[in-house]
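Remarks on the overall topology
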Amino acid sequence: MKRMDAEKRLAELRQILAEHAHRYYVLDDPLISDGEYDRLFQELLQIEEKYPDWVTPDSPSQRVGGAVLDKFEQVEHRIPMLSLENGFDDQDLRDFEERLLRYLRREEPLSYMAEPKLDGLAVELVYEEGVFVLGSTRGNGIVGEDITAQLKTVSSIPLRLQNSSISRLEVRGEVFMEHSGFAALNEQRAQEGEPLFANPRNAAAGSLRQLDPKITARRPLRFFVYGVSQPSLTGCTDQQKMFSFLADLGLPVNAHIRYCPDIETVIKRLAELTAMRHDLPYEIDGMVVKVNDFSLQERLGAKARAPRWAIACKFPAVQATTQIMSVEFQVGRTGAVTPVASLVPVDVGGVIVSRATLHNGEEIERKDLHLGDTVLIQRAGDVIPEIVKAVPEKRPAGAQVITMPERCPVCDHRLEKPEGEAVTRCPNPHCPAQRLRALVHFCSKSGLDIDGMGKKSVEQLFALKLIQDLPDVFLLQYEKLASLDGWGEKSAHKLLEALEDAKKPSLSRFLAALGIRYVGEVTAALLERTFKSLEQFIAASEADLLAIEGIGEQAARSIAEYNDDPSVQQMFARFREAGVHPQIAVQSEEKLPLSGEVLLFTGTLKLLSRNEAKKLVKENGGQITSGVTKKMTCLVAGEKAGSKLKKAEKLGKKILSEEEFLQMLKGEAAE
Ligand code: IVH
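Computed from a prediction, not measured in an experiment: that's the story for all the values here. (Residues numbered from 1 in each chain as written. Predicted model: local features only at pLDDT ≥ 70, side-chain atom pairs only at ≥ 80, totals over all residues. Heavy atoms only, no water.)

Before going further, it helps to spend a moment on the overall build of the chain. Along the chain, the regular secondary structure elements total 24 helices and 21 strands. Over its C-alpha trace the chain gives a radius of gyration of 28 Å, about what one expects of a compact globule, namely 26 Å for 671 residues. Across its three principal directions, the C-alpha atoms of the chain cover 85 × 75 × 65 Å. At a minimum sequence separation of 6, the contacts of the chain that also span at least 24 residues come to 66%. (Helix = DSSP H or I, 4+ residues; strand = E, 2+ residues; numbered from the N terminus. Rg over C-alpha atoms; globule rule 2.2 N^0.38 Å. Contact = heavy atoms within 4.5 Å.)

Once that is clear, we can look at the pattern of salt bridges. According to the stated counting rule, one finds 35 salt bridges in the structure shown. Its salt-bridge partner being Glu73, residue Lys71 comes within 3.8 Å of it at the nearest N-O pair. Its relative accessible area of 52% is what places Lys71 among the exposed residues. By relative accessible area, which is 46% here, Glu73 ends up partly exposed. What emerges from the salt-bridge pattern is a single network uniting Arg9, Glu12 and Glu43. (Salt bridge = Lys/Arg side-chain N within 4 Å of Asp/Glu carboxyl O. Buried < 20%, exposed > 50% of the residue type's maximum accessible area, 1.4 Å probe, protein only.)

Neighbouring the ligand are 13 residues; Glu115, Leu118, Glu174, Tyr226 and Lys290 lie closest to it. With respect to the ligand, the backbone of Leu118 contributes an N or O atom lying 3.2 Å from a nitrogen atom. Expressed as a share of its isolated accessible area of 520 Å², the protein-covered part of the ligand is 86%. Of all the elements in the fold, those that place two or more residues in the shell around the ligand are β3 (112-118) and β10 (284-291). Considering each element in turn, the shell around the ligand owes the most residues, four residues, to β3. Here the shell around the ligand is built from residues that sort into eight nonpolar, no polar and five charged. (Near = heavy atom within 4 Å. Polar contact = N/O pair within 3.5 Å; in protein donor to acceptor, adjacent residues only side chain to side chain. Areas by Shrake-Rupley, 256 points an atom, 1.4 Å probe, with all protein chains shown as cover. Nonpolar A, V, L, I, M, F, W, Y, C, P; charged D, E, K, R; others polar.)

Backbone phi values are negative for most residues with the exception of glycine, while trans is the configuration of most peptide bonds. Phi at Asp368 takes a positive value of approximately 50°, unusual for a residue other than glycine. Mapping Asp368 onto the fold places it in the loop between α11 (361-367) and β15 (374-379). Classification of Asp368 by relative accessible area gives partly exposed; the value is 37%. The phi torsion at Tyr518 lies on the positive side, around 70°, for a residue other than glycine. When you line up the elements, Tyr518 lands in the loop between α16 (507-514) and α17 (521-530).

Moving on: the nonpolar core. Ranked by internal contacts, the top residues of the largest apolar core, which has 58 residues, are Phe442 and Leu514. Of all the secondary-structure elements, those providing two or more residues to this core are α12 (432-443), α13 (455-463), α15 (489-502), α16, α17, α18 (534-539), α20 (553-564) and α21 (566-577). Among all residues touching Phe442, those that are not within four sequence positions of it are Gly447, Leu448, Asp449, Leu470, Val473, Phe474, Phe510, Ala513, Leu514 and Phe575. In this structure, Val171, Ala203, Leu249 and Phe294 belong to the second largest nonpolar core, which totals 36 residues. (Core = buried A, V, L, I, M, F, W, Y, C linked by side-chain atoms within 4.5 Å.)

With 24 residues, helix α1 (residues 3-26) ought to run about 34 Å at 1.5 Å a step, and its terminal C-alpha atoms sit 33 Å apart, in line with that. Within the span of α1, buried status applies to Ala6, Leu10, Leu13, Arg14, Leu17, His20, Ala21, His22 and Val26. Just downstream of α1 lies Asp28, where phi reads positive at about 55°. (Expected span 1.5 Å × (residues − 1).)

Checked against the element boundaries, Thr274 lands in helix α9 (residues 263-276). Taking relative accessible area as the criterion, Thr274 reaches 33% and is therefore assigned partly exposed. Distance from Thr274 to Pro316, taken between C-alpha atoms, is 9.3 Å for residues 42 residues apart in sequence.

Strand order in the open sheet made by the four strands is β5-β4-β7-β8, with antiparallel pairing throughout. The outermost strands of the open sheet, each flanked by one partner alone, are β5 (131-137) and β8 (221-228). On average, adjacent strands in this sheet sit at an angle of 35° to one another, irrespective of strand direction. Strand direction decides the pairing type here: strand β4 (residues 121-128) and β5, joined by six bridges, are antiparallel. (Pairing = 2+ DSSP bridges. Axes fitted to C-alpha atoms, helices over the stretch in contact; angles between N-to-C directions.)

Everything listed here is a matter of coordinates, which is why it stays silent on function.
And the structure:
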């Protein structure tokens, strides 16, 4: 074939193959036989082999899985991937609507979309000029992992969208494995002596987390889309229209999604889905309900982790009965004492359960639990199994009621239970259990991720009093380590190297490692985005913290109290002396029009809703504050602006009209 003919034929083949793949994998309605498809595919491979320069990222040949990766790169989601609040029954759905109507100050009922809640893994797919360029896991919602090569092997994910006119579209959806594919995979693994996956969800997660995409390519993964990061870019006005829009682009949309004109229809749909749950070829663990209208979604906005306009109604959990053998009281990082029951091991929906949390003293009382009780336990998704209730008829004679201890099982300090709180705590900050837990967390994967400082090593070094407080970790010495039981020159050397690396963690990793109450990965990432150094973080007041979108009152108070504690200040000084210097990641926001700006909106806006305005600020690298503070750089004054405007004028702050604010977003400096 001549060069020009080959080029033309290659383009033609890509088009034909993409169309057939769409019919086969997305519409489940093939037009040609598998043999015919293979023949066309082989023809494409031959041309690409002859002209390797012509291979494009969206060619069907790119699905088979390319080079093996060293590791997964991190990807920051431009718009955070939120999670959902949970509900369980009809009443939760009615309460959900009531909350929405109250928030919207509205009386007419709302309409919704009801979608099966697929039990797989949330992913984001980025299409630029219609071509799939980046795929990532949800991760902690803010930062995920780049699994583009792995996702390209999923046949129902289009490598190119049909007729997309949007320059960059970020779609979100769920990758999952069907029951049949899961069974076949496990059967094959059994034959090969490989460990089996516990459920299709784990199998899907394990398959996507393969550094070698060729392995992923052999796993029967599927994908359904359920949303986009910025619906306003699609020109659609509601979720229902967006599903048609996404389907027209060639993306797979689940067939059991329904429009519901009111909440009672949603409730009926929940019953239908619950009934058909076990007849579907894949696992669903509930139904997701979303307010249909995008402008209402916009007005409703989101809380820290989940939007107000959606709820996940979970199906009842899998249950089993067993017996309580004994109870142990564990002291956590923050001093909370948690009762944990040892159970006679039992199979709950395919997983062997031998322990269950009893939560706290009030829960034990409420459920009237005794040692030796026969209990109903349940497992919901990945959550730690819990005891639903005791079966008193089966209680052995003379069984002892379970009670919370009065003294700490570790340091013997008197325990406290503050009025109105359910949790019993050991108030002794020097309690060895708390210190040890804090150290374990500090070194763990969710902390500084120090190689060689797993739970066992930390426990050993703690027992030997080589480490007692967090900064001690960085003062460990080679000679001491090398001479310890189970250690040698090599492991001591390796640990010191790992410690050297750990001295420059990102600020967010460092803050999450400290184990401050209410500061997990997500909050720590928000803090890093806001503060430009550890010193700035330490100096932040409760009001500064509260001004950060996504940080609530409890977290703000807890952080402020933490930073005010003199022993914490001393600890920070010891970290500095040990050479620990948290780093700020260079953020792309630096280049954005509102980088470094802290804005406050006041008065009535004419063009934007408050939520839209806030979103624009965040998307353009700025921050929002709720009061006229020193930190505030700029006030956007709408109509009827009052005292805040006066105060800002007095302080000589930059003041913009709504129009000037919009101009600023275009990168035009306002005077
Ligand atoms: S919407 C802001 N729709 O459920 C909206 N999620 O608990 C966030 N999921 O992380 C998600 N099916 O992995 C949405 N039809 C659906 C879904 C769905 C499954 C998962 C998703 C998400 C989790 C939230």
